[in-house]
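# A structural walkthrough
One letter stands for each residue in the lines below.
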Amino acid sequence: MKIFLIIPAVALSLLSACGTSSKEDKETTQAAPLSEQEKNSVITSGKEIAENTFKVLGGNLKKAMGEGGVENAINYCNANASNLMGSLSNVYSANIRRTSNKLRNEHNAPTASEQKVLDHYINGSEMKPITDVLPNGNKIFYAPIKMKPLCLSCHGTVGESISEKDYKNISNLYPDDKAIGYKEGDFRGIWSIELKK
């Protein structure tokens, strides 16, 4: 399963919905299931990458917000999140993605495998990480993303946590935006982190 560096390589942060990576479908295979030890190793690596990515992106978004409010943070995310995710993917030798059923950035659309994982969580399954092996032999980490307070300024409810003015800016940048209406703790989407061999 996968995952958000302009700052040092370990300063990662915001989970909103602005990053990208490879969109090629990652169909899983049942041929060589992971041992418990391998699963634990993938979960440990995946969690570390996801947490650090969130710290870097979040830290950069907080800084942008402090320098120019929500509008500046939205513009920062639009202009930089994809490159940031790509940089972090290189740092960790992984393909880090975030995806959701309620997209802001169409480049983050789920693959068929990611959609199965999203459906798994949406249908009430336990919100714990999932691991698998891809046909190319790489291991993959999926984990749920929960809505954090910082994210509500751009992903909450218009007229409550999102101002009309800020949502107009979001709509200008993302005309097909569906990534609003969340409350703190809501299921936002998933990390999808492919650990390269």
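The structure contained in this document is the topic of the report that follows. Here the residue index of a chain counts from 1 through its sequence in written order. Residue-level local features of this predicted model are given only where pLDDT is at least 70; pairs of side-chain atoms are given and counted only at 80 or more, and the full residue set underlies all totals for whole chains, interfaces and linings. Excluded from the side-chain calculation are hydrogens and water; included are all heavy atoms of the structure.

## Here's the deal with the overall build of the protein chain
- Put simply, DSSP marks the helices as runs of H or I at least four residues long and the strands as runs of E at least two long, and each gets a number from the N terminus on. Tallying secondary structure elements over the protein chain gives four helices and four strands in all.
- The N-to-C order of helical and strand elements in the protein chain reads α-β-α-β-β-α-α-β.
- A 1.4 Å probe rolled over the protein chains alone gives each residue an accessible area, and that area as a share of the maximum for its type sets the label: buried under 20%, exposed over 50%, partly exposed in between. Across the 197 residues of the protein chain, 47% fall into the buried class.

## Things to note about the pattern of salt bridges
- When a carboxyl oxygen of Asp or Glu is within 4 Å of a side-chain nitrogen of Lys or Arg, the pair counts as a salt bridge. Under the counting rule described, the total for this entry stands at five salt bridges.
- The closest approach of N and O atoms between Lys39 and Glu36, which form a salt bridge, is 3.6 Å. Residue Lys39 and its partner Glu36 are located together in helix 1 (residues 36–92), separated by three residues, close to a single helical turn.

## Brief notes about unusual backbone geometry
- At Ser93, a position not held by glycine, the phi torsion is positive, near 50°.
- A relative accessible area of 38% means that Ser93 is categorised as partly exposed.

## Regarding the packing of aromatic side chains
- Working definition: rings of Phe, Tyr and Trp (its six-membered ring) pair if their centres are within 6.5 Å, and the pair is stacked with planes under 30 degrees apart, edge-to-face with planes over 60 apart, and tilted otherwise. By the definition in use, this model includes one aromatic pair.
- Judged by centre distance (5.8 Å) and plane angle (55°), the rings of Tyr121 and Phe187 are tilted. Here Phe187 lies in strand 4 (residues 187–195) and Tyr121 lies in helix 2 (residues 112–122), a separation of 66 residues in the sequence. For the pair Tyr121 and Phe187, a shared accessibility class is recorded, and that class is buried.

## A word on the environment of Gly181
- Assignment of secondary structure puts Gly181 in the loop between helix 4 (164–173) and strand 4.
- The class of Gly181 is partly exposed, set by a relative accessible area of 40%.
- Measuring from C-alpha to C-alpha, the distance between Gly181 and Val158 comes to 7.4 Å, with 23 residues separating the pair along the chain.
- Here, two residues are considered to be in contact whenever any of their heavy atoms come within 4.5 Å of each other. Contact partners of Gly181, with chain neighbours within four places excluded, come to His155, Gly156, Thr157 and Asp186.

## Regarding the pairing of strand 3 (residues 139–146)
- Within strand 3, six of the eight residues are buried, which leaves the element mostly enclosed by the surrounding structure.
- Here, a strand pair is defined by DSSP locating no fewer than two bridges between the strands. Across four bridges, strand 2 (residues 130–133) lies against strand 3 in antiparallel orientation. Within strand 3, the residue paired with Asp132 across the bridge is Ile140.
- Between the antiparallel neighbours strand 2 and strand 3 lie five residues, among them Gly137 with a positive phi of about 90°.
- Across eight bridges, strand 3 lies against strand 4 in antiparallel orientation. Paired with Pro144 across the bridge in strand 4 is Ile190.

## Comments concerning helix 4
- All of the buried residues in helix 4 are Asp166, Tyr167, Asn169 and Ile170. Viewed end-on, helix 4 has its buried residues packed into an arc of 155°, placing them on one side of the element. Relative to its buried face, helix 4 has exposed residues pointing more than 90 degrees away, namely Glu164, Lys165, Lys168 and Asn172. The directions from the helix axis to the C-beta atoms are what the arc is built from.

## Section: the packing of helix 1 against helix 4
- Orientation is described by axes fitted as lines to C-alpha atoms, over the contacting stretch for helices, and by angles from 0 to 180 degrees between their N-to-C directions. Running from amino to carboxyl end, helix 1 crosses helix 4 at an angle of 15°, the nearest separation of the two axes being 9 Å. With respect to helix 4, the axis of helix 1 lies roughly parallel. Viewed along their axes, helix 1 and helix 4 form a crossing whose handedness is right-handed. In this structure, helix 1 contributes Val70, Glu71, Ile74, Asn75 and Asn78 to the contact, and helix 4 contributes Lys165, Asp166, Asn169, Ile170 and Leu173.
- The classification used treats Ala, Val, Leu, Ile, Met, Phe, Trp, Tyr, Cys and Pro as nonpolar, Asp, Glu, Lys and Arg as charged, and all other residues, Gly among them, as polar. Here the residues of the contact of helix 1 with helix 4 are counted per class, giving four nonpolar, three polar and three charged. Any angle that falls under 35 degrees is termed roughly parallel, while one over 145 is termed roughly antiparallel, one within 65 to 115 roughly perpendicular, and all others oblique. Handedness of a helix crossing follows the sense of rotation of the near helix relative to the far helix, less than a right angle counterclockwise being left-handed and clockwise being right-handed.

## Details of the pairing of strand 1 (residues 94–99)
- Judged by how many residues are buried, strand 1 sits mostly within the fold: six of six residues are covered.
- A two-sided burial pattern is seen for strand 1, the buried positions comprising Ala94, Ile96 and Arg98 on one face and Asn95, Arg97 and Thr99 on the other.
- Pairing of strand 1 with strand 4, which is carried by six bridges, proceeds in the antiparallel orientation. Paired with Arg98 across the two strands is Trp191, which belongs to strand 4.

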